[in-house]
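A look at the structure
Chain by chain, the residues:
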Amino acid sequence: MSHVRDELASQPECWERAAALGAAGGLGLPEPGARVAVVGCGTSLFMAQAYAALREGAGQGETDAFAASEFPVSRPYDLVLALTRSGTTTEVLDVLAALRGRTPTVVVTADPATPVRDLADRLVVLDWADEKSVVQTRFATSALTLLRAHLGLHPADVVARAREALVAPLPEGLLECGQFTFLGRGWSVGLAREAALKMREAALAWTEAYPAMEYRHGPISVSTQGTATWMFGEAPDGLAEQVAGTGALWVAEPGDELLALVRAQRLAVELAERQGLTPDEPRHLTRSVVLREV
């Protein structure tokens, strides 16, 4: 069994720990009213986007999300929150170094014994959610669960439902599709982008992701028989019918959008293994992007 399968399956237990930690407070995470930026790379960027939409949507303050390489260091914020599983990603370390002594920083990481320790003002350590696989699953969703719980937005039943999502059959016909489009609204736009990334990393699949309303503005042209369109969250009126008219498979699930991401993770691993790929070691990728030694 691959590492990623074990790590994917352990998410409910990790979410329980993350939710308890986030609800307890005292971590230095953003307080209501603060103007906040969240940075990350790859999967962490998409979790940052999801959190930023959740926090601002909850009325807790202006919240921007940036790829670490594109962060505007001259822009004033009350706090900058960084997400980095490894604690070694060059672009994240560059942001923290540029802000040192100017803007308070908090980092959520799986490994505190890394260069991030010397650059962040505060660390939130989820070492029990660290992973052996290059492909991220449980660290990303645990970090987002921590942040949701801190916002008071962690659903009481989501852990039990995650266990169900890990064993329930995937939608019929999905594994036979050759192209996948993931759609989201609000905070689930980041989750849809992460689902597409998982499919590319693990299964080398042709995948795209868009805000749901943007799908109609061009991307729907790729939809046809043998493709799938997967909606994370409530679909805009008429969209399911439009997709059905293209001949594509329409997938939509009620309930918490994070559960849809879990099922998309499963799909990525299933597709990879069908092709004889090793999802723990995706092509051209490493656990962390380190551009220079620190």
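Right, let's walk through the structure included here. Bear in mind that the values here come from a model prediction, so they are computed numbers and not experimental data. (Residues numbered from 1 in each chain as written. Predicted model: local features only at pLDDT ≥ 70, side-chain atom pairs only at ≥ 80, totals over all residues. Heavy atoms only, no water.)

Compared with an ideal rise of 1.5 Å per residue, which puts 14 residues at 20 Å, helix α6 (residues 138-151) spans 20 Å between its outermost C-alpha atoms and is within 8% of the ideal. Downstream of α6 by a residue or two, Gly152 has a phi angle that is positive, lying close to 80 degrees. (Helix = DSSP H or I, 4+ residues; strand = E, 2+ residues; numbered from the N terminus. Expected span 1.5 Å × (residues − 1).)

A positive phi angle, close to 55 degrees, is found at Leu204, a residue other than glycine. Looking at the secondary structure, you find Leu204 in the loop between α8 (188-203) and β7 (206-211). We classify Leu204 as partly exposed; its relative accessible area is 39%. (Buried < 20%, exposed > 50% of the residue type's maximum accessible area, 1.4 Å probe, protein only.)

Helix α7 (residues 158-165) packs onto helix α2 (residues 11-24) with a crossing angle of 165 degrees between their chain directions and a minimal axis gap of 9 Å. Comparing their axes, α7 and α2 come out roughly antiparallel. Once α2 is placed against α7, the crossing between them reads as right-handed. Here α2 contributes Pro12, Glu13, Trp15 and Glu16 to the contact with α7, which in turn contributes Val158, Val159, Ala162 and Arg163. When its residues are assigned to classes, the contact of α2 with α7 shows 5 nonpolar, no polar and 3 charged. (Axes fitted to C-alpha atoms, helices over the stretch in contact; angles between N-to-C directions. Parallel < 35°, antiparallel > 145°, perpendicular 65-115°, else oblique. Left-handed = near helix turned anticlockwise from the far one by under 90°. Contact = heavy atoms within 4.5 Å. Nonpolar A, V, L, I, M, F, W, Y, C, P; charged D, E, K, R; others polar.)

The next thing to look at is the side chain of Asp64. Tracing the sequence through the fold places Asp64 in strand β2 (residues 63-67). Despite its burial, Asp64 pairs with no opposite charge; the closest candidate is Arg75, at 4.1 Å N-O. Among the polar contacts listed, one links the side chain of Asp64 to the side chain of Tyr77, at a separation of 2.6 Å. If we skip the residues at most four places from it in the chain, Asp64 touches Arg35, Val36, Ala37, Val38, Ala52, Arg75 and Tyr77. (Lys, Arg positive; Asp, Glu negative; His and termini not counted. Salt bridge = Lys/Arg side-chain N within 4 Å of Asp/Glu carboxyl O. Polar contact = N/O pair within 3.5 Å; in protein donor to acceptor, adjacent residues only side chain to side chain.)

Following the criterion strictly, the structure yields 5 aromatic pairs and no others. With 5.5 Å between their ring centres and 80 degrees between their planes, Phe66 and Phe71 make a pair best called edge-to-face. An identical accessibility class is assigned to Phe66 and Phe71; each is buried. Look at Trp230 and Phe232: their rings are 5.9 Å apart centre to centre, the planes differ by 70 degrees, and that puts the pair in the edge-to-face class. (Phe/Tyr/Trp six-rings, centres within 6.5 Å; stacked < 30°, edge-to-face > 60°.)

Moving on, we get to the pairing of strand β8 (residues 227-232). When you tally the buried positions in β8, you get 6 out of 6 residues, the bulk of the element. With burial as the criterion, each face of β8 is covered, one bearing Thr227, Thr229 and Met231 and the other bearing Ala228, Trp230 and Phe232. Direction of pairing for strand β6 (residues 179-184) relative to β8: parallel, over a ladder of 6 bridges. Note that in β8 the partner of Gln179 across the bridge is Thr227. Pairing of β8 with strand β9 (residues 249-253) involves 5 bridges; the strand directions are parallel. By the bridge assignment, Phe232 is partnered in β9 with Glu253. Between β8 and its parallel partner β9, the chain crosses via helix α9 (residues 239-246), and the hand of that crossover is right-handed. (Pairing = 2+ DSSP bridges. Right-handed = clockwise from strand over helix to strand, strands pointing away.)

All quantities given are derived from atomic positions and should not be read as evidence of function.
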